[in-house]
Amino acid sequence: MSGASRRASGPGRLLIAVYAVFALSASARAGVQIATSFDEAPVAYLLSAFAAVVYIVATVALARPGATARRVALAAVSVELIGVLTVGTITAFDPGDFPDDTVWSLYGRGYGFIPLVLPVLGLLWLRRTWTTEDRA
Amino acid sequence: MVAVVDWAVIVAALAYAAWALVAVVRNRPPREPYVVGAGVVELLVLIQAVVAVVLMIADGAPEETATFVGYLLMNLIIIPLGLFWALAEKSRWGTSVLVVAALVVPLLVVRMQQLWDAGA
């Protein structure tokens, strides 16, 4: 089995499904926030939109075969981890900068901390499905 | 919203998730009964969406209309999408996708109820 199809099968199937749920909900949330009340908290809402894009890229890249997709997935999941740690830490100490919630606020507490666990599982899964083909 | 319809959706989705979870534990791939079950849950979600739309037209929409409609739409597509993604995987992991999809439904319904009651 190629490294590509391995990524989207087995536990990867479940992982990508959870990523897709976050891609969908983060996009919907960001879309509504920006469309209806952008002026209230532009930084938080732009961050929501950024998170949505990261989830979309991660979902698609994890699902697609090939070495390029793997690299994109690795980058997206890494950005996701950095994002949730950074935003989580900032909001934990000084929520003033983000008056409205984003998916990464307080390490994703509003989403059962799944946003914190997901990138770790994503990185572990990318490492486990790493094959010689991916070196190409 | 209409409580009876909401609860029917929540109970059906949770029951379906539990049923699919048993299949995951027993290492079963997503077979026909799980497709039929997903169809039943989706039918209830559809009924709930129609009821919500009729109520919005008749009594007025909740304050955060856009968010509410967003949840409504996501609720409609989550089971079909989950099914599509699950059926290509002939292992317990395919069935586990159905569990996740079914668990998203009650979360969305509860959020919709909160938005609805906030406007009432």
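Cut-offs applied
- Residues numbered from 1 in each chain as written.
- Chains lettered and ligands numbered in written order.
- Predicted model: local features only at pLDDT ≥ 70, side-chain atom pairs only at ≥ 80, totals over all residues.
- Heavy atoms only, no water.
- Helix = DSSP H or I, 4+ residues; strand = E, 2+ residues; numbered from the N terminus.
- Contact = heavy atoms within 4.5 Å.
- Areas by Shrake-Rupley, 256 points an atom, 1.4 Å probe, with all protein chains shown as cover.
- UniProt positions renumbered as here; feature names shortened; annotations may be inferred.
- Patch = residues over 30% accessible without salt bridge, like charges linked within 9 Å, V, L, I, M, F, W, Y side chains within 5 Å.
- Salt bridge = Lys/Arg side-chain N within 4 Å of Asp/Glu carboxyl O.
- Buried < 20%, exposed > 50% of the residue type's maximum accessible area, 1.4 Å probe, protein only.

Enquirer: Help me understand the overall build of chain A in this model?
Expert: Broken down by element type, chain A carries 5 helices and 0 strands. Counting contacts in chain A only where the partners sit at least 6 residues apart, residues at least 24 apart contribute 71% of the total. Surface summary for chain A: the accessible area is close to 6,500 Å², and the carbon and sulfur share equals 68%.

Enquirer: So what exactly am I meant to see when it comes to the UniProt feature "transmembrane region" (unreviewed entry) in chain A here?
Expert: Those places that UniProt annotates as "transmembrane region" (unreviewed entry) correspond, in this numbering, to residues 46–63, 72–93 and 105–126 of chain A. Counting secondary structure, residues 105–126 of chain A comes out at 59% helix and 0% strand; the distance between its end C-alpha atoms is 25 Å.

Enquirer: I'm lost on the UniProt feature "transmembrane region" (unreviewed entry) in chain B in this one. Help?
Expert: Residues and elements named next belong to chain B. Annotation from UniProt places "transmembrane region" (unreviewed entry) at residues 6–25, 34–57, 69–88 and 95–116. Here residues 34–57 runs as 100% helix and 0% strand, with 35 Å between its end C-alpha atoms. The straight-line gap between the two end C-alpha atoms of residues 95–116 is 32 Å; of that span, 100% is helix and 0% is strand.

Enquirer: Which parts of the structure should I look at to understand a nonpolar patch on the surface?
Expert: Taken together, A:Val117, A:Val120, A:Leu121 and A:Leu124 make up a surface patch of nonpolar side chains, about 320 Å² in accessible area. Turning to its location among the elements, A:Val117 is positioned in helix H5 (residues 114–128).

Enquirer: Mind showing me how you'd approach the environment of A:Tyr111 here?
Expert: All names here are of chain A. Considering the arrangement of structural elements, one finds tyrosine 111 in the loop between helix H4 (67–93) and H5. The class for tyrosine 111 is partly exposed, based on a relative accessible area of 23%. Sequence-wise, tyrosine 111 and phenylalanine 22 are 89 residues apart; in three dimensions their C-alpha atoms are separated by 9.5 Å. Among all residues touching tyrosine 111, those that are not within four sequence positions of it are Phe22, Arg29 and Val103.

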